[in-house]
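Residue-level listing of the chains:
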2 protein chains.
Amino acid sequence: MSSSNGNNTNYSFLNKYSCSLEATVEVIGGKWKGVILYHLLDGKKRFNELKRLKPNITQRMLTLQLRELEADGLINRKVYREVPPKVEYSLTELGESLRPIILLMMEWATNNMEKVLENRDNDA
Amino acid sequence: MSSSNGNNTNYSFLNKYSCSLEATVEVIGGKWKGVILYHLLDGKKRFNELKRLKPNITQRMLTLQLRELEADGLINRKVYREVPPKVEYSLTELGESLRPIILLMMEWATNNMEKVLENRDNDA
DNA sequence: CTGGATCCCTAAGGATACTG
DNA sequence: CAGTATCCTTAGGGATCCAG
């Protein structure tokens, strides 16, 4: 039994989150995290590349979200010590494991978001 | 061609969101929305049932999130005019369409959240 | 039982300027 | 180029009490 070794090594994260879903939402739920991950799905990107892909995100927020994604182990940050500086972000294996979810979320919006907005308008 | 009829009826939601993913995140990204949807996956639930399933959500927040989900057309709210009051929430077809995403998010956390928390601890 | 109304507070996010 | 450092605003969320 998994609980025979004193502390339960599996699913101990449920101490922090009362439900698995909460955890995933927290990990990719930041306003820009999902989008960043999405853009990294097709390969590594430099800081300014990401900023160009999302012009309405501020440098500050981009940096913050990248740092959090890095701290969670979802992305790698590779610094090239040159002048001018060059930093490349890429998905870790853990980040890669989110691919199906990201793609499904993209697809869902494409197929259903119009309806959602119609519904909102109707009872507005 | 889809653009031949003057205004593009498809994907007009991209005026509001610069990326499909942002849209989906907004729809299920509320702190409790995903969890509520999850609990509705296996059938309709009453207000207090949901509250019992998530004791740490306040009545106010539960009400608010339910209202938003309803406004987006993801859930139905059926009021039984009796005393005491009885209200049942259930998924609409649109809400049902989120099932694969919800389940995938659950599964992802189960398989990967431990690693995420380890990563966080390590560079904390 | 299912909320609504009110008050409050923190953390998420944004604007702007500066820097190695 | 790839960030920090400040300052500021707001919306998300919580606590509590009231009500049909």
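Please refer to the structure higher up on the page.
As the structure is a prediction and not an experimental result, all values here were calculated from the model.

What am I meant to see in the protein's contact with DNA strand C here?
Close to DNA strand C lie 19 residues, the nearest being Lys-31 of chain A together with Asn-48, Thr-63, Arg-77 and Tyr-89 of chain B. Separating a base oxygen of DNA strand C from a side-chain N or O atom of Arg-60 of chain A is a distance of 2.9 Å. In this structure, Pro-85 of chain B approaches DNA strand C through a main-chain N or O atom, which is 3.4 Å from a sugar or linking oxygen. Breaking the surface near DNA strand C down by element, the ones donating at least two residues are helix H4 (59–71) of chain A together with helix H3 (47–53), helix H4 (59–71) and strand E3 (86–91) of chain B.

Can you help me understand the environment of Lys-54 of chain B in this one?
With respect to the helices, strands and loops of the structure, Lys-54 of chain B is situated in the loop between H3 and H4. Residue Lys-54 of chain B is classed as buried on the basis of its relative accessible area, which comes to 6%. Through-space distance from the C-alpha of Lys-54 of chain B to that of Phe-13 of chain B is 32 Å; in sequence the pair is 41 residues apart. Those residues within four positions of Lys-54 of chain B in sequence are excluded, and the remaining contacts are Ser-18, Cys-19 and Glu-22 of chain A together with Trp-32, Val-35 and His-39 of chain B.

How should I be thinking about the protein's contact with DNA strand D in this particular structure?
Taken together, 20 residues surround DNA strand D, and among them Arg-46, Gln-59, Arg-77 and Tyr-89 of chain A together with Arg-60 of chain B come closest. Of all atoms in DNA strand D that approach within 4 Å of the protein, 63% are sugar or phosphate atoms. For DNA strand D, a phosphate oxygen lies 2.4 Å from a polar atom in the side chain of Arg-77 of chain A. Within the backbone of Pro-85 of chain A, one N or O atom sits 3.1 Å away from a sugar or linking oxygen of DNA strand D. Listing elements by their share of the surface near DNA strand D, those giving two or more residues are helix H3 (47–53), H4 and strand E3 (86–91) of chain A together with H4 of chain B. Examining the composition of the surface near DNA strand D, we find that 4 residues originate from one element, H4 of chain A, more than from any other. The residue inventory of the surface near DNA strand D, partitioned by class, reads 8 nonpolar, 5 polar and 7 charged.

About the cut-offs
- Residues numbered from 1 in each chain as written.
- Chains lettered and ligands numbered in written order.
- Predicted model: local features only at pLDDT ≥ 70, side-chain atom pairs only at ≥ 80, totals over all residues.
- Heavy atoms only, no water.
- Near = heavy atom within 4 Å.
- Polar contact = N/O pair within 3.5 Å; in protein donor to acceptor, adjacent residues only side chain to side chain.
- Helix = DSSP H or I, 4+ residues; strand = E, 2+ residues; numbered from the N terminus.
- Buried < 20%, exposed > 50% of the residue type's maximum accessible area, 1.4 Å probe, protein only.
- Contact = heavy atoms within 4.5 Å.
- Nonpolar A, V, L, I, M, F, W, Y, C, P; charged D, E, K, R; others polar.

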